[in-house]
Amino acid sequence: MPLAPARKVYDVCIVGSGAGGGMAAHVLTQAGADVIVLEAGGMWDNMKDSAMLKMPYESDRRGASTKERPFGEFDACIGGWSIDGEPYTRAPDTKFDWWRARMLGGRTNHWGRISLRFGPDDFRGKSRDGLGEDWPISYEDVAPYYDRVDQLVGIFGSRENLPNHPDGFFQPAPKPRCYELMVQQASRKLNVTCIPARLSIITQPLNGRPPCHYCGQCNRGCAVNANFSSTNVLLLPALKTGKLTIVSDAMAREVTTDRAGLATGVSYIDKKTMKDEHVQARVVVLAASACESARLLLNSKSSRFPQGLANSSGVVGKYLTDTTGTDVAGFIPKMVDHVPHNEDGVGGGHVYMPWWLDNRKLDFPRGYHIEVWGGLGAPSYGFMGGIHRYPTGGGYGASLKNDYRRYYGATVGFSGRGEMIPNSDSYCEIDPDVVDRFGIPVLRFHWKWSDHEYNQVKHMQETFRALIAEMGGEVFSPMPTKEQGYGIASGGRIIHELGVTRMGKNPKTSAVNANCQAHDVKNLFVADGGPFVSQADKNPTWTILALAMRTGEFIADQKKKGAL
Ligand SMILES: Cc1cc2nc3c(=O)[nH]c(=O)nc-3n(C[C@H](O)[C@H](O)[C@H](O)COP(=O)(O)OP(=O)(O)OC[C@H]3O[C@@H](n4cnc5c(N)ncnc54)[C@H](O)[C@@H]3O)c2cc1C
Ligand code: SF4
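Procedures and definitions
- Residues numbered from 1 in each chain as written.
- Chains lettered and ligands numbered in written order.
- Predicted model: local features only at pLDDT ≥ 70, side-chain atom pairs only at ≥ 80, totals over all residues.
- Heavy atoms only, no water.
- Pairing = 2+ DSSP bridges.
- Helix = DSSP H or I, 4+ residues; strand = E, 2+ residues; numbered from the N terminus.
- Buried < 20%, exposed > 50% of the residue type's maximum accessible area, 1.4 Å probe, protein only.
- 1 Å grid on protein atoms, 1.4 Å probe; cavity = no way out; pocket = protein on both sides within 12 Å on 5 of 7 lines; lining within 4 Å.
- Points joined across faces, edges and corners; volume = space filled by probe spheres on them.
- Salt bridge = Lys/Arg side-chain N within 4 Å of Asp/Glu carboxyl O.
- Axes fitted to C-alpha atoms, helices over the stretch in contact; angles between N-to-C directions.
- Parallel < 35°, antiparallel > 145°, perpendicular 65-115°, else oblique.
- Left-handed = near helix turned anticlockwise from the far one by under 90°.
- Contact = heavy atoms within 4.5 Å.
- Nonpolar A, V, L, I, M, F, W, Y, C, P; charged D, E, K, R; others polar.
- Disulfide = S-S within 2.5 Å.
- Core = buried A, V, L, I, M, F, W, Y, C linked by side-chain atoms within 4.5 Å.
- Near = heavy atom within 4 Å.
- Polar contact = N/O pair within 3.5 Å; in protein donor to acceptor, adjacent residues only side chain to side chain.
- Areas by Shrake-Rupley, 256 points an atom, 1.4 Å probe, with all protein chains shown as cover.
- Phe/Tyr/Trp six-rings, centres within 6.5 Å; stacked < 30°, edge-to-face > 60°.
- Lys NZ or Arg CZ within 6 Å of the ring centre and 35° of its normal.

Sheet architecture is open: 6 strands sit in the order β6-β12-β13-β14-β11-β17, paired in antiparallel fashion. Taken across any chain shown, the strands that pair with only one partner, and hence form the sheet edges, are β6 (195-196) and β17 (474-475). Bridge count for strand β11 (residues 324-331) against β17 is 2 bridges, and the pairing is antiparallel. Residue pairing in the sheet places Gly-330 in a bridge with Val-475 of β17.

In C-alpha cells:
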C-alpha cells in the first residue's frame, strides 16, 4: 500500500486496523469521511491468504508453531508473545506476557470469536460491591450498538433471558457435538447453566456472505468470509466506498499536536524504508490495541503535554487488567472406542456456561464463564497432548496406532474466563532505558493478582474437576496448590488487556470521556479496549466493536455540526 500523500489532510487518521480500528474505519467511511488507516503489519486478505483447508501432511512441520505464528503454522495471525526488534520489559517479580498482532485486521484474523455482550451489572460494578469504578455509561447506552454490531457482523446464539447475559440478534446456533451433549448432562446434574455458544460466525447468509460450511478451522481465517475478521467484514466494504486509504508497514511513533493543543496527525516509520513519515488529519483515532495506544500517548510528549498526550490525569497506562484464566482437561473412558463420526462444526465450542452463581455465597467478587473443548478436532502436530497420558498409551507399531484410534476424541477440557478487579499495582509505563528497533521507547509492565482473583480461579478448578468426575472421567493434572496460585494464568496470557486509557466523567481520574474522546484533546479518540473501566466475565471484543461504532458515529455527528 502507498505512503500517505505528503500534503493531503485527511478527515480522520486511525492507528491500527483490528476490531476497534476496523469498525471506526467502517463507520466513518460510510458517513463520507476521508479516512487513512496506519497499520504496523502487512496486508492480508483471508479470502486469498487463509490456510483454511490445508492438511497437516501438506507441510513438513505438520502445522507445528513458528515464532511468528505461536498458535500453529496455519494460524491466521502473524505476531506473538515476542516480536523481533520490538521488545517490552517487566518490572522485577512481574509475570506478564503481551501478545501483539502485526498484520491488517490485527488479532481478529484468528481470535476465538466468542462474542458476548457485557450485561447491565457489568457497567456498575462499584455500585454493586464497592470495588473498582462504575462506567460513566450504562448497558442501555451501548445496547443499540450491540444490536447493530450483531446485524452487521453476524452472530449465532440462543435467546435465554438470563439476567446479566443479554440476548442479541442471533442466527441459529449449531447443535452440540457428542462430547458437548455429555458436558450438558453433567452440567445439569451440578446445576451449572450450559447453553449454546455465542460466536460471530454466520449460519445463514448475511450481507452477501455465505454461511459457515463447518470445517472447524476458524483460527486459520475463513476463505469464504463466514466468520468475523476486521479485515474482510469491515475493511473490505470500507475500501469499496473509495474513502479509505490503508498504509501498511507503518509503525506509528507519536500523535503530533499544534500550539492550541489539538492533534494534527500521526508520525510513523515506514518499515520498508525505515524513514520517518507524517500523516496530517483533522481527527486522530487510536486503535492500536489497548497497551499500544497507551504507549503512543505516553510517547507523545511536548512542553504542553509533558506527561504524554491525554494524560493530565496521570491515568494513562494505569488500571491495566486481563481476564483471569485456568484450564483443566480430562480423559473420559465412556468416549473411548466411539463410533467414528464427523463433529467438525464451527471453529469453536458449540456450548458454553455463562456465570451462574450468586457472589453473596462465595469468597470472591464477580464471576467467570466456562469455555468447553475436546472431542474429534482435526488431528495436527501435538495432537492429543501425548498418547502416554492415556491408560496403556505409548509404544510403537500397530498397538500405538490402535491406541490413537481408540482414544481419539475421548478428551474434554474446560477453560475458565473471569473478571479481574483493577488494582493500582497492575499498570504499564514507558521504560526509560529501552527502545525498539525504530527507536521508540517501549512499555514496562507491572502486575499483581489479588486474593479476589486467586479465590475465583480456585473455584474454577474445583468446578472443572467436579464436572469431569460427573462425566466419569480422570483429570490429567493434580489440583494446583495455593502456592501455585491455583493454576492462574500469568497476566496477559488470556490476551484481553484492557483499561489503560479508561473512560470517566472526571478528567482528573480518567483519560477519555463517555464518547472515548480525550478530555485534554478534543479531536483525539481511543477506539480499542483502553477506555474499558472494568473487565466482565465476558470476552471484550463485542464491546470494543460496539464502543468503536458509537465513537465513530459520534465523530461523524460532531463533524457534521462543525464541532470537530
Ligand atoms: C488467540 C486469541 C483468541 C482470542 N479470542 C477472543 C474471543 O474469543 N473473544 C473475544 O472477545 N476476544 C478474543 N481475543 C481478543 C481479541 O482478539 C481482541 O480483544 C481484539 O482483537 C482487540 O481489538 P483491537 O482493535 O484493540 O486490537 P488488535 O485486534 O490487536 O489490533 C491492533 C492493530 O494495531 C496495530 N498496531 C499496533 N501498534 C501500532 C502502531 N504503533 N502503529 C500502527 N499500527 C499499530 C497492530 O498491528 C494490529 O493490527 C482473542 C485474542 C487472541 C490472540
Ligand atoms: S468453520 Fe465455518 S466460519 Fe470457520 S473457517 Fe470453516 S467455514 Fe469458515
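With that out of the way, let us pick up the pairing of strand β13 (residues 368-374). Within β13, 5 of the 7 residues are buried, leaving the element largely enclosed by the surrounding structure. As defined by bridge partners, strand β12 (residues 351-353) adjoins β13 across 2 bridges and the pair is classed as antiparallel. Note that in β13 the partner of Tyr-352 across the bridge is Glu-371. Strand direction decides the pairing type here: β13 and strand β14 (residues 411-418), joined by 7 bridges, are antiparallel. Looking at β14, one finds that Ile-370 is bridged to Gly-416.

Okay, empty space enclosed by the protein next. Picture a little ball the size of a water molecule; that probe, rolled over the atoms, points out where space is still empty. Here the structure, examined in full by the defined rule, presents 2 cavities of 30 Å³ or more. What the largest cavity holds in volume is close to 90 Å³. Taken together, 16 residues line the largest cavity, and the ones lying closest to its centre are Cys-212, His-213, Cys-215, Cys-218 and Cys-222. Within this model, the second largest cavity holds a volume of roughly 40 Å³.

Turning next to the pattern of salt bridges. Counted under the stated rule, the structure contains 33 salt bridges. Salt-bridge contacts for Arg-444 lead to Glu-429; the nearest nitrogen and oxygen are separated by 2.8 Å. Placement of the pair is Arg-444 in strand β16 (residues 441-446) and Glu-429 in strand β15 (residues 427-435), with a sequence separation of 15 residues. You can call Arg-444 partly exposed: its relative accessible area is 23%. Since its relative accessible area comes to 22%, Glu-429 is described here as partly exposed. Here the residues in one salt-bridge network are Glu-86, Arg-102, Glu-292, Arg-295 and Asp-436, joined through shared partners.

The 3 strands are arranged β4-β16-β15 in an open sheet whose pairing can be described as mixed. Each edge of the open sheet carries a strand with a single partner, namely β4 (89-90) and β15. Here 2 bridges tie β4 to β16, and the two strands are oriented parallel to one another. Each residue of the ladder has a partner; that of Arg-90, found in β16, is Phe-445.

What follows deals with the packing of helix α1 (residues 19-30) against helix α6 (residues 230-240). Put simply, α1 and α6 touch, their axes get as near as 8 Å, and they point 25° apart. On the basis of the axis angle, α1 is roughly parallel to α6. The handedness of the crossing between α1 and α6 comes out as left-handed. Packed against α1, whose contacting residues are Ala-19, Gly-22, Met-23, Ala-25, His-26, Thr-29 and Gln-30, the element α6 presents Ser-230, Val-233, Leu-234, Leu-235, Pro-237 and Ala-238 at the interface. Looking at the contact of α1 with α6 residue by residue, the classes come out as 8 nonpolar, 5 polar and no charged.

The next point concerns the state of the cysteines. One pass over the full model with this rule turns up 0 disulfides. We note that Cys-428 lacks a disulfide partner, and the nearest cysteine sulfur, in Cys-291, lies 4.4 Å from it.

Our focus in this paragraph is the nonpolar core. Membership of the largest hydrophobic core comes to 140 residues, with the highest contact counts inside it found for Ile-14, Trp-135, Val-285, Met-353, Phe-414, Phe-445 and Leu-524. By residue number, the principal contributor to this core is helix α10 (residues 541-560), which donates 10 residues. Beyond its immediate chain neighbours, meaning those up to four positions away, Trp-135 contacts Phe-118, Asp-122, Phe-123, Met-503, Phe-532, Val-533, Ser-534 and Leu-547. Judged by nonpolar contacts, the second largest core, of 17 residues, contains Met-52, Ile-201, Cys-212 and Cys-222.

Glancing now at the site of ligand 1. Around ligand 1, the surrounding shell holds 36 residues, and the nearest of these are Glu-39, Arg-107, Gly-112, Ala-252 and Thr-541. Note that an oxygen atom of ligand 1 is positioned 3.0 Å from one of the backbone N or O atoms of Met-103. Arg-107 places a side-chain nitrogen or oxygen 2.7 Å from an oxygen atom of ligand 1. Contact with the protein chains removes 95% of the 1000 Å² of surface that ligand 1 exposes when unbound. Considering each element in turn, the shell around ligand 1 owes the most residues, 3 residues, to strand β8 (residues 250-257).

So, about the packing of α1 against α10. Where α1 contacts α10, the two axes come as close as 8 Å, and the packing angle between them is 35°. Where α1 crosses over α10, the two elements pack in a sense that is right-handed. The segment α1 lies against α10, with Ala-19, Gly-20, Met-23, Ala-24, Val-27 and Leu-28 engaging Thr-541, Ile-544, Leu-545, Ala-548, Met-549, Gly-552, Glu-553, Ile-555 and Ala-556. Residues of the contact of α1 with α10, tallied by class, amount to 11 nonpolar, 3 polar and 1 charged.

The relation between two aromatic rings is expressed through the spacing of the ring centres and the mutual angle of the planes. Enumeration according to the criterion identifies 25 aromatic pairs in this entry. Relative to Tyr-407, the ring of Phe-331 lies with its centre 5.5 Å away and its plane at 80°, an arrangement referred to as edge-to-face. Linking Phe-331 in strand β11 with Tyr-407 in helix α8 (residues 397-407), this pair joins segments that are 76 residues apart in sequence. The exposure classification of Phe-331 matches that of Tyr-407, with both residues buried. The positively charged end of Arg-100 is found above the aromatic ring belonging to Trp-98, 4.7 Å away from the centroid. One cation-aromatic arrangement involves Arg-502 over Tyr-319; the distance from NZ or CZ to the ring centre is 3.8 Å.

Time to look at the environment of Gly-395. Residue position: Gly-395 is located in the loop between β13 and α8. For Gly-395, a relative accessible area of 61% corresponds to the exposed category. Distance from Gly-395 to Leu-298, taken between C-alpha atoms, is 56 Å for residues 97 residues apart in sequence.

Here Ser-115 is to be found in the loop between β5 (100-101) and α3 (125-129). Within polar-contact distance, the side chain of Ser-115 engages the backbone oxygen of Arg-113 at 3.0 Å. Within the structure, the side chain of Ser-115 is placed 3.0 Å from the side chain of Ser-200, a separation counted as a polar contact. Those residues in contact with Ser-115, other than ones at most four positions away along the chain, are Ile-155, Arg-198, Leu-199, Ser-200 and Trp-542.

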